[in-house]
Structure formats: structure tokens, C-alpha cells
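Spelled out, the chains give:
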Amino acid sequence: MEARVGVSSHGGAVVDGGARKFLQSHHHHHQRPLVHQQDQIGTVPQLLAGGIAGAFSKTCTAPLARLTILFQVQGMHSDAAALSKSSIWHEALRIVNEEGFRAFWKGNLVTIAHRLPYSAVNFYAYEHYKSLLKSIPGLESHRRSTSADIFVHFVGGGLAGMTAASSTYPLDLVRTRLAAQRSTIYYQGLWHALHTICRDEGFFGLYKGLGATLLGVGPSIAISFSVYEALRSYWHSQRPDDSTAVVSLACGSLSGVASSTATFPLDLVRRRKQLEGVAGQARVYKTGIFGTFKHIMRTEGLRGLYRGILPEYYKVVPGVGIVFMTYETLKKLLSHGPFDS
């Protein structure tokens, strides 16, 4: 969730959660005995490597991400009979025939523009919250305990995720609106979209759906973290000699799937809230988050809350794999570059 947010997030997402957890673990296992190596690499190249790897991964999986968004928002202005006939293959063919092959990457430049500031805010906010939490009197005496570390990870990660999501949210909303456009083009690009939304809906129109995003932070982090750790522990107990990279890739992917399955309805509500009032259209959901849930359940059933889950699943493994390979390659290059201390 880029805005599967923070240490685990949205929304975009599964890939973000699985990939971040995967990289954290891989970095943790390989850097612990070589503390000086992390210092040599430095914060700036780490941020650059993570940001570029995330942007590259999202570019590679953008067609699946756009299909997810299109399915998520289908129920807003369509009847149930029309929705039952849709499939991934049918929708992909429609995009190629009506909009052209390049349309699979609609909104991707905004996703890339969102990636680096989001990563930077999340990184620095997490470090700040972590040091703040560790200074709490009750935790100072338990600095090296596992329970204190988990508390700092969850709370610090959650607060950092909320901070990063809130500060970069307008870019996420614009990305959704650009990706959801079909043949009729209302927004011409990032700046035109920002200007048009502020003019038509006011400044707070840029923050539609933020509540659903922030509500998903805690569950997303908790599920991703606990599933990942449980799977990794079980794997090591059964096959202790397996490669750390393979274990992390598999566990990262599965924890991403688990996290996405649990929080996908919130992500769907967020997307639909983001599209409320586009091009002067009448509002569909006139209540808050829970009222929107009830409306979708009443009109589309439980299945309506999981529209688009399949393309979301399909991008997990390639997304995690691409992030890892790109991140490791860039880290090696940047460690010998101008940022090397």
C-alpha cells in the first residue's frame, strides 16, 4: 500500500510490502557482521538505490498495477451484470484496442515522481520516530529486548508510514486518476491534474481517501511482519542451509500476498474515494469509510471488495525480485561512486 504504507505499504501496494520486508531482512543478515560496510555505503546512496529500484520495479509491473486500479473502480458507475463479464485478458485487450499499448503505463511517471520523496520521508521519519520511542523512560531499560524492538518497529514504522503517505498523498491521488482514465482524457498530466483538482474540488480534494490509507497502515505492517517472521523461522528450522536470498524472496512474496489479501478492501475503498467527483460526476459514496464499505457490500457483495486482486497477486513475485536485483546492483555501484564516504 504505495499506500500499503510505510514499512509495509500503499498502494501501492503488495510489492512494496513484500519487497521492503525482503530487503530489510537481506540487508540485516548481510550487514550485521559488517557494521562498517553500512557506514561506508551511506544514507544517500541507500536512499537512491532503494528509490530507483522501487521506481524500476513499478515501471516493469505498471501494466498489472493499472489493471488492478481499473478493476477496483469498475463498480462505481457500472451495473453488476456488466461487471460479471470482465476478465484480466478482456480488459487488457480493450486497453490495447481502444487506448494503445502505451496506455498500460498511464500515470507511471507520477508513480516514479512519488517514489523518491516517499522513500526519503519514510526513511528519515522512521529514524526520527525510532530515536524518539527509544528515549521513552519505560523503554530505555529494555533497549536490547525483543519485545522493545518489535514495539519500536511497529509504532515507529506505522508513524513513519502515515507521515510519508500524508506528505506525498496528492501524487498518489493524481496517479490513480490518470490511471483510471480510459478513452476520455480529462487530466493532461501531473500539473494539469493538480491545478484542475484544486480548481474544481478545492485543496482538500487532493486528500480524498487519505483516511482509508492511514487506517490500513497498522494492519498492513502487523500482518506483513508477523507472516514474514513466522515463515522465515519455520523455513530455517526445516532447511537451515538454504540461501538467505531465496528464503527472503519467498517469504517476502508470501507475506506481501497475506498483507494484501487482508487490506485489499481498504485499498479498494481508498481508490474509489480518490475518484469521487472526477470531471464533475455526481458523488457515489456520500458517507465515510465504513458507509462506503456497506454500500459496496450491498450493491456488489463481498466479491466487490476484492475486484482487481488477481493482477495485484500476479505482480508480487516479479516486483519483489526486480526490486532486490536492482537494489543490490545499484548499492554496489554507488558504494564506489561520488557518495562513498
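Higher on the page you've got the structure.
Let us look at the structure shown here. (Residues numbered from 1 in each chain as written. Predicted model: local features only at pLDDT ≥ 70, side-chain atom pairs only at ≥ 80, totals over all residues. Heavy atoms only, no water.)

**Remarks on helix α3 (residues 43-60)**
Rules: Numbering of helices and strands starts at the N terminus; helices are DSSP runs of H or I of at least 4 residues and strands are runs of E of at least 2. In a helix, the anticipated span is given by 1.5 Å times the number of residues less one. Burial classification: accessible surface area is computed with a 1.4 Å probe over protein chains only, and a residue below 20% of its type maximum counts as buried, one above 50% as exposed, and the rest as partly exposed.
An ideal rise of 1.5 Å per residue puts 26 Å on 18 residues; α3 measures up with 26 Å between its terminal C-alpha atoms. Taken residue by residue, α3 has P45, Q46, L47, A49, G51, A53, G54, A55, S57 and K58 as its buried positions.

**Regarding the nonpolar core**
When a protein is soluble and globular, its nonpolar side chains tend to lie buried together. For the record, the criterion: Here, the term nonpolar core denotes a set of buried Ala, Val, Leu, Ile, Met, Phe, Trp, Tyr and Cys residues that are joined through side-chain atoms within 4.5 Å. Should any heavy atoms of two residues lie within 4.5 Å, those residues are considered in contact.
The biggest cluster of nonpolar side chains holds 30 residues, and the ones touching the most others in it are M76, V174, Y187, I197, L275 and I296. Of all the secondary structure elements, the ones that give two or more residues to this core are α10 (169-180), α11 (190-201), α12 (210-215), α14 (244-274) and α15 (289-300). Top element by residues in this core is α10. It accounts for seven residues. Apart from the residues within four sequence positions on either side, M76 is in contact with R272, L275, E276, V284 and Y285.

**Things to note about the pattern of salt bridges**
What counts, and what does not: Throughout this description, the term salt bridge denotes a Lys or Arg side-chain nitrogen within 4 Å of a carboxyl oxygen of Asp or Glu.
Throughout the structure, instances matching the rule amount to 19 salt bridges. The partner of R270 in a salt bridge is D172, with the nearest N and O atoms 2.4 Å apart. Residue R270 is found in helix α14, and its partner D172 is found in helix α10; the two are separated by 98 residues along the sequence. Across this residue pair, the class does not change: R270 and D172 are buried. As a salt-bridge pair, E201 and R177 come within 2.6 Å of each other at their nearest N and O atoms. A residue pair is termed long-range when its members are at least 10 positions apart, and E201 in helix α11 and R177 in helix α10 qualify at 24 residues. According to the relative accessible area criterion, E201 is partly exposed, its value standing at 21%. The exposure class assigned to R177 is buried, which follows from its relative accessible area of 2%.

**Considering the layout of surface pockets**
The following threshold applies: With a 1 Å grid spanning the protein atoms alone, the term cavity applies to any set of points in which a 1.4 Å probe fits but cannot get out, the term pocket to an open set with protein on both sides within 12 Å along at least five of seven lines, and the term lining residue to any residue with an atom within 4 Å of a point. Grid points are joined across faces, edges and corners, and a volume is the space filled by probe spheres set on the points.
Taken as a whole, the second largest pocket encloses approximately 490 Å³ of empty space. Along its surface, the second largest pocket is lined by 18 residues, and H77, A180, Q181, R182 and Q281 are the ones closest to its centre.

**Concerning the packing of α10 against α11**
How we decide: Here an angle of 0 to 180 degrees is reported between the N-to-C directions of two axes, which are lines fitted to C-alpha atoms, with helices fitted over the stretch in contact. Between 65 and 115 degrees an angle is taken as roughly perpendicular, under 35 as roughly parallel, over 145 as roughly antiparallel, and anywhere else as oblique. Gly counts as polar in this scheme, as do all residues outside two lists: the nonpolar Ala, Val, Leu, Ile, Met, Phe, Trp, Tyr, Cys and Pro, and the charged Asp, Glu, Lys and Arg.
Contact geometry of α10 with α11 gives a least axis separation of 10 Å together with a crossing angle of 100°. As the angle between them shows, α10 and α11 are arranged roughly perpendicular. Taken together, the residues of α11 that come into contact with α10 (itself represented by P170, L171, L173, V174 and R177) are L190, A193, L194, I197 and E201. Its residues assigned to classes, the contact of α10 with α11 comprises eight nonpolar, no polar and two charged.

Any functional reading would require information that these geometric values do not contain.
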